[in-house]
Structures are given as structure tokens and as C-alpha cells.
Amino acid sequence: MTDRQTSDLYRRYMAATTAYRDHAATCTACTTTQPGPDCRDGARLHESFSTLQAAYLNQQ
């Protein structure tokens, strides 16, 4: 992976982290570590974060 690809992946990973944390801060069902069982938005955001985190860590 090139430095540019790594940098782009990192930015996307951090943006997903922020999006999920912002959601969890206002959602009564979600926590900072996992989405609530009935929260579709939280599940979607957490899945995006998890996927990007795994991709970033795997390329390290």
C-alpha cells in the first residue's frame, strides 16, 4: 500500500470513528463501544468504523 493510500485509509478510519462517537453521544441505545440492539444507524456506523479499523490495522 502506498503512503497516499495509507493516509486516505487513516482519514476514513478516523472519520468513521468520529461519526460513530458523535452518534453514540446522542443515542440512548448505543454506547461508545457498541451499537444498541435496535439502532440501525448505530449498527451501520459501527460496522463502517470496525471495517475501516480492521483494514487500517491489517496494513500496518
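Refer to the structure presented above.
My aim in this report is to walk through the structure given alongside it, one point at a time. (Residues numbered from 1 in each chain as written. Predicted model: local features only at pLDDT ≥ 70, side-chain atom pairs only at ≥ 80, totals over all residues. Heavy atoms only, no water.)

### Remarks on the pattern of salt bridges
Taken as a whole and judged by the stated rule, the model has two salt bridges. Between Asp8 and Arg12 there is a salt bridge, and its shortest N-O distance comes to 3.6 Å. Of the two residues, Asp8 and Arg12 both sit in helix H1 (residues 3–26), four residues apart, roughly one turn of that helix. What makes Arg12 partly exposed here is its relative accessible area of 43%. (Salt bridge = Lys/Arg side-chain N within 4 Å of Asp/Glu carboxyl O. Helix = DSSP H or I, 4+ residues; strand = E, 2+ residues; numbered from the N terminus. Buried < 20%, exposed > 50% of the residue type's maximum accessible area, 1.4 Å probe, protein only.)

### Examining helix H2 (residues 40–59)
The end-to-end C-alpha separation of H2 is 29 Å, in line with the 28 Å expected for 20 residues at 1.5 Å each. Those residues of H2 that fall on the buried side of the exposure criterion are Gly42, Leu45, His46, Phe49, Leu52 and Tyr56. For H2, the angular spread of the buried residues around the axis is 135°, confining them to a single face. Within H2, the exposed residues directed more than 90 degrees away from the buried face are Arg40, Arg44 and Asn58. Buried positions along H2 lie against H1. (Expected span 1.5 Å × (residues − 1). Arc of directions from axis to C-beta. Contact = heavy atoms within 4.5 Å.)

Remember, this is a structural readout, not a statement about activity or role.
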